[in-house]
Amino acid sequence: MVSKNKGLIIVFSGPSGSGKDTVLAELKKRDINMQQSISVTTRDMREGEVDGVDYFFTDVETFEKNITEGYFLEYVKYGSNYYGTPKKRIEELTDGGSNVFLKIEVEGAGNVRKVFPECVSIFVIPPSMEELESRLKGRGTETDETFNKRFATAKEEIKRACEYDYIVVNDSVSLCADKVCSIIEAETHKFSRMKALVDDMN
Ligand code: 5GP
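These notes cover the structure that comes with them.

Conventions adopted
Residues numbered from 1 in each chain as written. Predicted model: local features only at pLDDT ≥ 70, side-chain atom pairs only at ≥ 80, totals over all residues. Heavy atoms only, no water. Helix = DSSP H or I, 4+ residues; strand = E, 2+ residues; numbered from the N terminus. Contact = heavy atoms within 4.5 Å. Buried < 20%, exposed > 50% of the residue type's maximum accessible area, 1.4 Å probe, protein only. Polar contact = N/O pair within 3.5 Å; in protein donor to acceptor, adjacent residues only side chain to side chain. Pairing = 2+ DSSP bridges. Axes fitted to C-alpha atoms, helices over the stretch in contact; angles between N-to-C directions. Disulfide = S-S within 2.5 Å. Salt bridge = Lys/Arg side-chain N within 4 Å of Asp/Glu carboxyl O. 1 Å grid on protein atoms, 1.4 Å probe; cavity = no way out; pocket = protein on both sides within 12 Å on 5 of 7 lines; lining within 4 Å. Points joined across faces, edges and corners; volume = space filled by probe spheres on them. Nonpolar A, V, L, I, M, F, W, Y, C, P; charged D, E, K, R; others polar. Near = heavy atom within 4 Å. Sits in = over half its atoms within 2 Å of the grid points. Phe/Tyr/Trp six-rings, centres within 6.5 Å; stacked < 30°, edge-to-face > 60°. Lys NZ or Arg CZ within 6 Å of the ring centre and 35° of its normal.

As for the side chain of S37
Relative to the helices and strands, S37 is located in the loop between strand 2 (35-36) and strand 3 (40-41). Not counting chain neighbours up to four residues away, the residues in contact with S37 comprise T85, P86, I90, V100, F101 and L102.

Structural notes on helix 4 (residues 106-115)
Listed as buried for helix 4 are V106, G108, A109, G110, V112 and R113. Where helix 4 is buried, its residues contact strand 1 (9-13), strand 5 (72-78), strand 7 (100-103), strand 8 (120-125) and helix 6 (144-159). Measuring from the side-chain oxygen of the N-cap residue of helix 4 to the backbone nitrogen of E107 gives 3.0 Å; that N-cap residue is E105.

Let's talk about the sheet that holds strand 7
Strands sit in the order 2-7-1-8-9 across an open sheet of five strands; the sheet is parallel. At either margin of the open sheet sits one strand with a lone partner, and together these are strand 2 and strand 9 (166-169). Here helix 3 (residues 87-95) sits on the sheet and contacts strand 1, strand 2 and strand 7; the angle it forms with strand 7, its principal contact strand, is near 150°. Of the strands in this sheet, strand 1, strand 7, strand 8 and strand 9 touch helix 7 (residues 173-188), which is tilted by about 160° from strand 9.

Section: the state of the cysteines
Enumeration over the complete set of coordinates arrives at zero disulfides. The thiol of C176 is not disulfide-bonded; the next cysteine sulfur, from C181, is found 10 Å away. Relative accessible area serves as the criterion here: at 0%, C176 is assigned to the buried category.

Here we look at the pattern of salt bridges
Under the definition given, this model contains 19 salt bridges. The partner of R135 in a salt bridge is E131, and the shortest N-O contact between them spans 3.0 Å. You can see R135 and its partner E131 sitting in helix 5 (residues 129-138), four residues apart, about one turn around the helix. Ionic pairing is found between D199 and K195, a salt bridge with its closest N-O pair at 2.7 Å. You can see D199 and its partner K195 sitting in helix 8 (residues 191-200), four residues apart, about one turn around the helix. Among the charged side chains, a network of salt bridges with common partners joins E26, K29, R30 and D178.

Observations regarding the layout of surface pockets
The computed volume of the largest pocket comes to approximately 1500 Å³. If you trace the largest pocket, you find 47 residues lining it, with K20, R46, Y55, Y78 and Y83 closest to the centre. Residue assignment for the lining of the largest pocket shows that the elements contributing at least two residues are helix 1 (20-29), strand 5, strand 6 (81-86), strand 7 and helix 6. A breakdown of the residues in the lining of the largest pocket according to their chemical character gives 14 nonpolar, 18 polar and 15 charged.

Remarks on the site of the ligand
Surveying the vicinity of the ligand reveals 15 residues, the closest of which are S39, R43, Y55, Y83 and E105. At a separation of 2.5 Å, an oxygen atom of the ligand approaches a polar side-chain atom of Y55. In this structure the site holding the ligand corresponds to the largest pocket. At the level of elements, strand 5 and strand 6 are the ones that each hand at least two residues to the shell around the ligand. Tallied by class, the residues present in the shell around the ligand amount to five nonpolar, four polar and six charged.

Examining the packing of aromatic side chains
Under the criterion given, the structure shown has 12 aromatic pairs. Seen from their ring centres, F63 and Y82 are 4.6 Å apart, and the 5° between their planes marks the pair as stacked. You can see F63 sitting in helix 2 (residues 60-68) and its partner Y82 sitting in strand 6, a full 19 residues away along the chain. Just as F63 is buried, Y82 falls in that class too. Ring centres of F72 and Y75 lie 6.3 Å apart, and the angle between their planes is 50°; on these two criteria the pair is classed as tilted. Pairwise contacts between aromatic rings join F63, Y71, F72, Y75 and Y82 into one cluster. Sitting over the face of the ring of Y82, K77 holds its NZ or CZ atom 4.9 Å from the ring centroid.

No statement about biological role is implied by the geometric values presented.
Now the structure itself:
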């Protein structure tokens, strides 16, 4: 019998306004091998979000208890809220051959890389800082203060793009999703990932 390859852990990051959520939504519409990890957070639920779909929403006490129990692969305090990636589900999915996307920020991405150096990390950037500015302003939800804060955070995050394996420019959502698919396809066919299969044939 031929060994089944493990799925990839795909760390997917990008600053606010890069459009990473839209790209993920586009990828989910396609017939590709992908699952998304659902994080746990202590932040308030936003309008339209669903518990257990967008996040598992919880309180600080429970989150901190989960930390001590080793429930998370990684977690961060981002702003004033906790965010964490549940470990067990990722292992189950990748063991079963599914590729799992972790939509997380740069600090958490670094921590995942320490535990899983073989993970594939992708950083989404906007075509330009002018475009990022117009996207953030275009949301119509930003005051000058929140815009300045988001823009400054985005600049800091982009400085850490060098820590990622791949950079994809989100000029068009569909083209950006194509690029991500190409990366996954190529990564899946690396010898290190095909070795078990090749060995089975010898
Ligand atoms: P938001 O509150 O806008 O949903 O997310 C804020 C930031 O936290 C985003 O950059 C998002 O990708 C990141 N994030 C969401 N879940 C996790 C997680 O489990 N771990 C880490 N490190 N970051 C996360």
